[in-house]
Structures are given as structure tokens and as C-alpha cells.
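Below are the chains, spelled out letter by letter.
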Amino acid sequence: MTENLRPSAVLTVERRGHVLLMGLNRPAKRNAFDMELLRALGNAYYVLETDDDLRCGVLYGHGANFTGGLDLADVLPQITDSSVDWAEDELNPVSTTGPARTTPVVAAVHGWSMTIGIELLLAADVRIAAADAQFAQMEVQRGIFPLGGATYRLPREAGWGNAMRWLLTGDPFDANEALRLGLVQEVVEPGRQLERALELAERISEQAPLGIEATIASARRAINDGEVVAGEAIREDLRRLVTSEDAREGMLSFLERRPARFTGR
């Protein structure tokens, strides 16, 4: 494993080919996020982003739950202005501050996913849920409000009324409702969520890395700056991509009727 990865008892990290699996590992605490777990995941996201051989991440939870949310007693006193002072070898996993992530993440959720759990899903690119998954964005029941992007990402994904139904009550909802909201893209049999997430991550990793990066950048540009700005950038992005080795390999593989072997160059 890369030298930038810090060992941690609260997060398992495993490389499978071009995929990095990141497992939340505080099962006795329902994988609740204390500062140790938050920083360990931030370090894993940094490795995912900076290791050129990694093309996709998979985020999941060990034990009976994805996460019970934030360990407020540990985390809240250390948070100022809803952000953490991230180290040089850490990336904010919910992407509310710091550089934008360019390497895709597929999330697999089961059991309970509370507060930051939903926000980690919203910050990921594709989300898979077990049929028995339960969700709750319950900060308003604790006298605070969502700190990790749910206030603007859930309305974007689900629509204003659908988002406010859950953000303003903190009520729990199930996997079918998460699918209806667009919070997850697939619901699978309990126990199969990680397998399905890994299947998708491996499929993503087979594609051209520069094309994946450009796709994510263009979509985010449209969200952040508007469709006109995103549209104006397409020609220059395409001009850069068509001269890449991967573009040539993509054309050759098409003509030769074989799977492409992309290198990210």
C-alpha cells in the first residue's frame, strides 16, 4: 500500500486492482465518527485521489451498520464553522471544503446510516443500499443542523419538498424511500451491497481514467457554475483528451474489436 496511507484501527483499507476499499471499522459504536475515524477516512480519500494507479473507491461499513453518525461528544467541540482543519495528507470526505475530488467513489450502505452517513453518500458518485437499510438526517433533533452538505445536496438530488420532509423532521426513512429520493441508485438483497458496489467500481475502473475525470469535472462545473460555463469548456476539454494515449487506445480497441487497455495517459 502507498506510503501516504496511515495505519488505523478504525478504518480498514484494501487495494483490489485499481479499486481502493475503505471500511468503517468501529462496529461496537455503530461506526460512529469520532475525530480518529474522520481523519483516517480523510487520509484514505487523499490516497485515493493522489495515487495514479487507483481509479475508483468503495466506501462501506463493517458490522451491522454503515454508520450511526457523528460521535457528537468527541467531534462537535473540535468543529468550528462546520469544518475541520484537514492535514496535508487528508481530504474532506464530504467535500464541503478543500479541493474537489476527481476519483469516483461508490458507496455501499446497510443497517443504519445517520447524519454524516447520508452526507458521505451524497458526496459519493454512486450509492448502493441493502434492502434493510435505514436512514436519518436527525441533526435538528439535537439542536444543530446538517454540517456536511445535506442542506444543499439533498434538495438538489431529491427536490425541495422531498428533502425538507426529512431534513426538517429528522424522521427515519427506508431504502425504498432513499431510492425514490435519488439518494441511492440501486437497492439489493441484504448482504450483497458491498459485492454490487465493487462490481460497479471495477466496471468504472475499466474505463479511461482521463475520460472519467473529465466527466466528473464537467458535471460539477455545470452544478457550480451553470450549464453555459460547462458547455463552453467542453471543446477545450475534448481537444485535450483526443490527443491522449487513452483516446488512441479507445479507437484502436474499437477497430480491433477487443477490450481497451487504458493507462491514464
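Our structure is the block above this text.
Residues numbered from 1 in each chain as written. Predicted model: local features only at pLDDT ≥ 70, side-chain atom pairs only at ≥ 80, totals over all residues. Heavy atoms only, no water.

Peer 1: Can you walk me through the environment of asparagine 162 in this structure?
Peer 2: Relative to the assigned elements, asparagine 162 resides in helix α5 (residues 160–167). Sequence separation between asparagine 162 and arginine 180 is 18 residues, and the spatial gap between their C-alpha atoms is 9.5 Å. In contact with asparagine 162, other than residues within four places in its own chain, are Arg180 and Leu181. Polar side-chain contacts of asparagine 162 include one of 3.0 Å to the side chain of arginine 180. (Helix = DSSP H or I, 4+ residues; strand = E, 2+ residues; numbered from the N terminus. Contact = heavy atoms within 4.5 Å. Polar contact = N/O pair within 3.5 Å; in protein donor to acceptor, adjacent residues only side chain to side chain.)

Peer 1: Hey, could you run me through the nonpolar core in this one?
Peer 2: One broad trend across soluble globular proteins is that nonpolar side chains are buried collectively. In terms of nonpolar packing, the biggest core is built from 49 residues, with Leu41, Leu59, Phe135 and Leu183 touching the most fellow members. When contributions to this core are tallied by element, the ones reaching two or more residues are β2 (19–24), α1 (35–50), β4 (105–109), α3 (116–123), α4 (150–158), α5 and α6 (175–181). Here this core takes nine residues from α1, the largest share from any one element. With 14 residues, the next largest nonpolar core counts Val58, Leu198, Leu200 and Ala201 among its residues. (Core = buried A, V, L, I, M, F, W, Y, C linked by side-chain atoms within 4.5 Å. Buried < 20%, exposed > 50% of the residue type's maximum accessible area, 1.4 Å probe, protein only.)

Peer 1: Help me out: how do you make sense of the side chain of arginine 127 in this one?
Peer 2: One can find arginine 127 in strand β6 (residues 126–130). Of the residues examined, arginine 127 reaches a relative accessible area of 3% and is grouped as buried. Side-chain polar atoms of arginine 127 contact the backbone oxygen of alanine 124, separated by 3.4 Å. Polar contacts involving the side chain of arginine 127 include one to the main-chain carbonyl oxygen of leucine 183, which spans 2.7 Å. Not counting chain neighbours up to four residues away, the residues in contact with arginine 127 comprise Ala107, Leu121, Leu122, Glu157, Gly182, Leu183, Val184, Gln185 and Glu186.

Peer 1: Looking at this structure, I do not really get the sheet that holds β2. What am I missing?
Peer 2: Pairing between the strands of a sheet is mediated by backbone hydrogen bonds and can be parallel or antiparallel. If you trace the six strands from one edge of the open sheet to the other, you get β1-β2-β3-β4-β6-β9, paired in mixed fashion. Each edge of the sheet is formed by a strand with only one pairing partner; in this case those strands are β1 (11–16) and β9 (186–188). The mean inter-strand angle of the sheet, taken between neighbouring strand axes irrespective of direction, is 20 degrees. Of the pairings in the sheet, the one linking strand β3 (residues 56–61) to β4 comprises three bridges and is parallel in character. Each residue of the ladder has a partner; that of glycine 57, found in β4, is valine 105. Strands in contact with α1 are β1, β2, β3 and β4; relative to β2, the strand with the most contacts, it is inclined by about 175 degrees. (Pairing = 2+ DSSP bridges. Axes fitted to C-alpha atoms, helices over the stretch in contact; angles between N-to-C directions.)

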